[in-house]
Amino acid sequence: MGEIDEGLERAERSRPIPVHLNTRVRFLWEKVAKNDTKRLARAAGVSVRTAQRWAHALTALAEGELTGDIPMTKANAAKIEQAVRAAWQPRVRQRVRHAAETKGFMLHIQATFGYSAAGGSTDDPRERMITQKMPGSVAQRLYEARDAGATQAQQEAILAEALRDEYFKDGGRRGRGLDVELNDIAWMDLEGL
């Protein structure tokens, strides 16, 4: 996995799963199991009777009859965490991806860039640290390339073209004839808007 893939992965995991055990169980109960104890048991990998006890405890919590965490073993708490992670992350990924593709994203990158431009300018590669707002179309192209199994070099070409247009050419206001090549990424990070 290259730097761009890792950056996309980090951006998609920007929201952690719920911290509290009760919230995790409630998420599984309402969103995954749809208030069905058999589905809850399957999702968490426990017996139906255990799922029934958790459902009863959620009701007791809502009515104020139970305070604190739902009683359960450490092994079951780990199963709950694993089930929530599996169900939570795809939902977060979908939201983050949609937001990036519609609103754009902020790119933070330190890399070596090569240039070719009009006569009288230098084409020596330079290392730069850039923070630039990128449009949603770039996020869409990067996600599509990743989904299609594009190589790191292909993804770098997409990113270099986008940086050329947005940062170096400032949306077409300068740098006519400039071409940018992304040679080496020291680090990068993507952040939603």
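Residues numbered from 1 in each chain as written. Predicted model: local features only at pLDDT ≥ 70, side-chain atom pairs only at ≥ 80, totals over all residues. Heavy atoms only, no water.

**Some details on the nonpolar core**
Then, number 1: Residues Leu107, Ile109, Phe113, Leu159 and Leu163 are the most contacted members of the largest nonpolar core, which totals 54 residues.
Then, number 2: In terms of residue count, the dominant contributor to this core is helix α5 (residues 74-103) (eight residues).
Then, number 3: Beyond its immediate chain neighbours, meaning those up to four positions away, phenylalanine 113 contacts Asp124, Pro125, Arg126, Arg128, Ile130, Leu163, Phe168, Val180, Glu181, Leu182 and Asn183. (Core = buried A, V, L, I, M, F, W, Y, C linked by side-chain atoms within 4.5 Å. Buried < 20%, exposed > 50% of the residue type's maximum accessible area, 1.4 Å probe, protein only. Helix = DSSP H or I, 4+ residues; strand = E, 2+ residues; numbered from the N terminus. Contact = heavy atoms within 4.5 Å.)

**Regarding the side chain of histidine 108**
Then, number 1: Relative to the helices and strands, histidine 108 resides in strand β1 (residues 105-116).
Then, number 2: Here threonine 131 takes part through its side chain, which lies 3.2 Å from a polar atom of the side chain of histidine 108.
Then, number 3: Side chain to side chain, histidine 108 and glutamate 191 meet in a polar contact 2.7 Å long. (Polar contact = N/O pair within 3.5 Å; in protein donor to acceptor, adjacent residues only side chain to side chain.)

**With respect to the side chain of threonine 112**
Then, number 1: Mapped onto the elements of the fold, threonine 112 is located in strand β1.
Then, number 2: Leave out the neighbours within four places in its chain, and threonine 112 touches Pro125, Arg126, Glu127, Glu181, Leu182, Asn183 and Asp184.

**A short note on the packing of helix α1 (residues 3-12) against α5**
Then, number 1: The contact between α1 and α5 brings their axes to 9 Å, and the two run at 105°. Viewed along their axes, α1 and α5 adopt a mutual orientation that is roughly perpendicular. For the pair formed by α1 and α5, the contact residues are Glu9, Ala11 and Glu12 on the first element and Gln89, Val92, Arg93 and Val96 on the second.
Then, number 2: Of the residues in the contact of α1 with α5, the class split is three nonpolar, one polar and three charged. (Axes fitted to C-alpha atoms, helices over the stretch in contact; angles between N-to-C directions. Parallel < 35°, antiparallel > 145°, perpendicular 65-115°, else oblique. Nonpolar A, V, L, I, M, F, W, Y, C, P; charged D, E, K, R; others polar.)

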